[in-house]
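Given next are the chains, with one letter for each unit.
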Amino acid sequence: MNDMQFLTWVRGTGLDIALSIFVLGVLWRLFEIYSLGRKPDLTAPRHAAGASGLHTIFRRTLPAEGMLKRAPVSIIGGTAFHIGLAIVVFLFAPHILLIKNLTGLSWPGLPSQFIDLVAVVTMAAMVVVLVDRINKPVKRYLSTFGDWFAWTLTFLPVLTGWMAVQHLLLPYTTMLAIHILTVELLLVFLPFTKLFHAFTAFGSRWYIGKINGHKGVAV
Amino acid sequence: MSASLEKGVRVLKEVIDAPMASYFNSCVHCGLCAEACLFYTETGDPKYTPIHKLEPLRRIYEQEYTLLGRLGKMVGLSKPVTDDELEEWKELVYNSCTLCGRCSAVCPVGNDIAYMVRKFREGMSASGHAPDGIIGAVNRTVTIGSPMGVKLPAVKAQMKHVEEDYGLPIPLDAEGAEYMVMLSSMEIINFPEYLAAIAKIMHQAGKTWTLCSTAFEATNAGMQIGNSDLAKLLVSRIVDGAEKLKVKTVISPECGHAYTALRWEGANLIGRPFTFKVQHIIEVLGEFQEQGLLKTEGFETDKLTFHDPCQLARRGGVIKQQRNLMNMVSKNFVEMPDAGYMNWCCGGGGGASAIEEGEELRLEAFKKKKSQLDTVKPDRLVTACANCRIVLEEGLEHYQMDIPVLGLTELIAEHIPDQTGQKGA
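Here the residue index of a chain counts from 1 through its sequence in written order. The naming scheme follows written order: chains are lettered A onward, ligands numbered 1 onward. Whole-chain, interface and lining totals are the exception, using all residues; otherwise, since this is a predicted model, local features are given only for residues with pLDDT of at least 70 and side-chain atom pairs are given and counted only at 80 or more.

## Thoughts on the overall build of chain A
The number of helices and strands found in chain A is 10 helices and 0 strands. Numbering of helices and strands starts at the N terminus; helices are DSSP runs of H or I of at least 4 residues and strands are runs of E of at least 2. When the helices and strands of chain A are listed from N to C terminus, the series reads α-α-α-α-α-α-α-α-α-α. Taking the principal axes of the C-alpha coordinates as reference, chain A spans close to 65 × 35 × 35 Å. Put simply, chain A has 219 residues, and 32% of those count as buried. Excluding contacts between residues fewer than 6 apart, the proportion of contacts in chain A whose partners are at least 24 apart in sequence is 75%. Partly exposed residues are those falling between the two cut-offs: more than 12 but fewer than 20 other C-beta atoms within 10 Å of their own, whereas 20 or more means buried and 12 or fewer means exposed, with C-beta atoms placed from the backbone. The contact criterion used here is simple: two residues whose C-beta atoms, placed from the backbone, lie within 7 Å are in contact.

## With respect to the environment of B:Val81
Residue and element names in this part refer to chain B. By the secondary structure assignment, Val81 is in the loop between α6 (67-74) and α7 (83-95). Judged by C-beta crowding, with 21 C-beta atoms within 10 Å, Val81 ranks as buried. Once you skip the residues sitting within four places of it in the chain, Val81 turns out to touch Val9, Pro56, Arg59, Ile60 and Leu86.

## Considering the sheet that holds strand β4 (residues 277-280) of chain B
Residue and element names in this part refer to chain B. If you walk across this open sheet you meet the 4 strands as β2-β1-β3-β4, and the pairing is parallel. If you trace the sheet from one side to the other, it starts and ends with β2 (209-210) and β4, each paired once. Pairing between strand β1 (residues 179-181) and strand β3 (residues 249-252): 3 bridges, direction parallel. The partner of Tyr179 across the bridge, within β3, is Thr249. All axes are obtained by fitting lines to C-alpha atoms, using only the stretch in contact for helices, and the reported angles, taken between N-to-C directions, cover 0 to 180 degrees. Packing of helix α16 (residues 256-270) onto the sheet brings it into contact with β3 and β4, and relative to β3 it is tilted by some 145 degrees. Pairing between two strands is assigned when DSSP locates at least 2 bridges connecting them.

## Focus: the domain arrangement of chain B
The accessible area lost on association of the parts is a frequent measure of interface size. Residues and elements named next belong to chain B. An automatic or database domain assignment is the source of the domain bounds shown. Per the domain assignment, the segments of chain B are domain 1 (5-130), domain 2 (144-290) and domain 3 (304-414). Contacts between domain 1 and domain 2 engage 6 residues on the former and 4 residues on the latter. Under the convention adopted here, Pro, Cys and the residues Ala, Val, Leu, Ile, Met, Phe, Trp and Tyr are nonpolar, Asp, Glu, Lys and Arg are charged, and Gly plus all remaining residues are polar. Tallied by class, residues from the side of domain 1 that touches domain 2 come to 2 nonpolar, 1 polar and 3 charged.

## Examining the domain arrangement of chain A
Here chain A is described as being made up of domain 1 (1-33 + 172-219) and domain 2 (62-143). Computed over C-alpha atoms only, the centres of domain 1 of chain A and domain 2 of chain A are separated by 15 Å.

## Some words on helix α4 (residues 72-91) of chain A
Residue and element names in this part refer to chain A. Given a helix with a known number of residues, its expected span is that number minus one, times 1.5 Å. In this model α4 runs 27 Å from its N-terminal to its C-terminal C-alpha over 20 residues, within 8% of the 28 Å that 1.5 Å per residue would give. Among all positions of α4, only Ser74, Gly77, Gly78, Phe81, Gly84 and Val88 are buried. Here the buried residues of α4 occupy an arc of 140 degrees about the axis, which is enough to place them on one side. Residues Pro72 and Ala86 are exposed on α4 and point more than 90 degrees away from its buried face. Here, the arc refers to the directions that run from the helix axis to the C-beta atoms.

## What about the packing of helix α1 (residues 5-15) of chain B against helix α5 (residues 55-65) of chain B?
Residues and elements named next belong to chain B. The geometry of α1 relative to α5 is characterised by a closest axis approach of 10 Å and an angle of 75 degrees between their N-to-C directions. The orientation of α1 with respect to α5, classified from their angle, is roughly perpendicular. In this structure, α1 uses Val9, Leu12 and Lys13 to contact α5, whose residues at the interface are Leu57, Ile60 and Glu64. Looking at the contact of α1 with α5 residue by residue, the classes come out as 4 nonpolar, no polar and 2 charged. Working definition: roughly parallel below 35 degrees, roughly antiparallel above 145 degrees, roughly perpendicular at 65 to 115 degrees, and oblique for all remaining angles.

## Brief notes about helix α20 (residues 367-376) of chain B
Residues and elements named next belong to chain B. Burial in α20 covers these residues: Lys368, Lys369 and Leu373. In a view along the axis of α20, the buried residues occupy a sector of 135 degrees, so they form one face of it. Elements in contact with the buried residues of α20: α4 (38-41), α19 (359-365) and α21 (386-398). Once α20 ends, the next one or two residues include Lys377, with phi positive near 50 degrees.

## Comments concerning the sheet that holds strand β7 (residues 405-407) of chain B
Residues and elements named next belong to chain B. A sheet is described by the order of its strands in space; here 3 strands give the open sequence β5-β6-β7, paired in parallel fashion. Among the strands making up the open sheet, the edge pair consists of β5 (304-307) and β7. Strand-to-strand twist of the sheet, defined as the mean angle between neighbouring strand axes without regard to direction, takes the value 35 degrees. When β5 meets strand β6 (residues 380-383), the two strands line up parallel, connected through 4 bridges. Among the inter-strand pairings, Phe306 is bridged to a residue of β6, identified as Val382.

## Details of the pairing of β3(B)
Residues and elements named next belong to chain B. Sheet topology places β3 next to β4; 4 bridges connect them, and they run parallel. Bridge pairing in β4 links Val250 to Val278. The path from the first strand over the helix to the second decides the hand: if it runs clockwise while the strands point away from the viewer, the crossover is right-handed. Regarding the hand of the β-α-β motif, the stretch spanning β3, α16 and β4 is right-handed.

## Notes on the interface of chain A and chain B
Counting from both sides, the interface comprises 47 residues of chain A and, opposite them, 44 residues of chain B. Those elements that provide at least two residues to the side of chain A that touches chain B are α1 (3-34), α3 (67-70), α4, α7 (137-142) and α10 (197-214) of chain A. Broken down by element, the side of chain A that touches chain B gets its largest block of residues, 9 residues, from α10(A). Here the residues of the side of chain A that touches chain B are counted per class, giving 21 nonpolar, 12 polar and 14 charged.

## A closer look at the packing of α1(A) against helix α9 (residues 172-189) of chain A
Residues and elements named next belong to chain A. Interaxial distance between α1 and α9 falls to 9 Å at its minimum, and their mutual angle equals 15 degrees. With respect to each other, α1 and α9 are oriented roughly parallel. The handedness of the crossing between α1 and α9 is left-handed. Together, Asp3, Met4, Phe6, Leu7, Val10, Arg11, Gly14, Leu15, Ala18, Leu19, Ile21 and Phe22 of α1 and Thr173, Thr174, Leu176, Ala177, Ile180, Leu181, Glu184, Leu187 and Val188 of α9 make up the contact between the two elements. Here the contact of α1 with α9 is composed, by residue class, of 15 nonpolar, 3 polar and 3 charged. Handedness of a crossing follows from how the near helix is turned relative to the far one, being left-handed for an anticlockwise turn of less than a right angle and right-handed for a clockwise one.

## Here's the deal with the environment of A:Ala18
Residue and element names in this part refer to chain A. Inspection of the secondary structure puts Ala18 in helix α1. Using a count of 21 C-beta atoms within 10 Å as the deciding quantity, one classes Ala18 as buried. Separated by 178 residues in sequence, Ala18 and Phe196 place their C-alpha atoms 15 Å apart. Residues in contact with Ala18, not counting those within four places in the same chain, are Glu184, Leu187 and Val188.

Structure, rendered in structure tokens:
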């Protein structure tokens, strides 16, 4: 298989397989989790302004009172790479084109030079949180194979995408094919690793907001 | 009813629900919950990271309710939870967790960790891994009626004292009263001022109230140990009493977990909504204050600060009332750092204070409260939970800090003018 055939495969069959596993995996995992249900709360509710599941989905995006000071690296690094990933994935013109081809949906992108900068910042932030995971006793203590694996799965597409655009190390075609392959690996594993928090975090925030909203506590 | 690992695992399988599944899948091991937990911040030991306290429960979830987990269990990739492991986790689930909920408050993905620890305790207790101290309190509650072994004659003796000292009647089993007042054992034994304060406040407000001879104890050791059957039994005593006396509102005393048990778990435990309202005494005082039914005179002039009981504020949503009440009787009320919603636990809630072997750790964790107090340097410390009060007093004594602790209800009552006439009644 030469470079072109490799690229054709990852763009065709490879992508189909990865997307199928991703979509079915996400649906299965969501069903597996949320079909467990929960018992209705029979206690009398106490209503308060700003206390609800929906409020909490947004509110938890910002750090809780006093936490920025206690864990600046986790919070600043974590926020930076999440925003960076969102920008790179959804606002890079070639990505939008791909999404348009797959779904018909389209929106304006950002200039390529800006995306370059964001990619570099994202990778830097990811390296910082990785070092923090190694250095901080609590994070090291909590870490399992899944944490290092999930970090690698997320980091590789950013690195290879950036290298492809910069024409670094390997010919563009090869690097692009590798980039697409790493994205496919990410899609395949996302539903079955801690990366699935990309979906469940909204459900979790909603539940805690709902439970506390019932008590009139805005969280 | 004997405890066994098998029973514990079965109970844990039952308590796992969609919120818990969502929470376990959302954790990214960021470790922020550790920074919110006083057992971690004061010891620096990572094993006290709140989400780690749930590890055996997480594995049971994974092995029973996820496809990959079930496969892993079948081929022996994921090891089953054992008695030894649960025994090791006892310290993490009870001694070093007061269900204070600070971890739940800071989790960026929204995991309600305290909610999960509360449920994990159901399995710990069913598998025989609850601490002796709490088991003792539970047994006394079942056989005698209160965790500290207080019986009705002790309550009656106290009623008589208050009636003699203040000239105010303490109604018992008065049918049709608006309020049924609950007590905690701690108040009956250590803080008789509470009952006197209630009598003065109710008299001034012109409200009818009563104690109930079959349901005077509000604390719920069943909830603390994690035994819903028992928690239900204890709540049922109160429900039966309140319905027999046809009261409109049951007042939970200055006790955080009694409030959570009755207000936020009660109806779910007995499986139907209550026919009466449940309020914490601080909510009632707040209402009286708003309605002009609470009239005080004079002010404290020494420096006072307020310790928010976790179950009242963070887990219960009562935050403003205590501040309005403090300002009503104090000219020099100063807040501690993190006061209110994010206040730090006394270190002894959720049954932890009943665990003898946990004392050393509790005192270590108390350094957080000490540092909060050192910032403010109050002359006296006010709170609204008898258990916080005892734990605070122990901690203050250990660190040789001369700061008296008092209950907010009694502080308010001290400022109610003497009522010799029929004022308000």
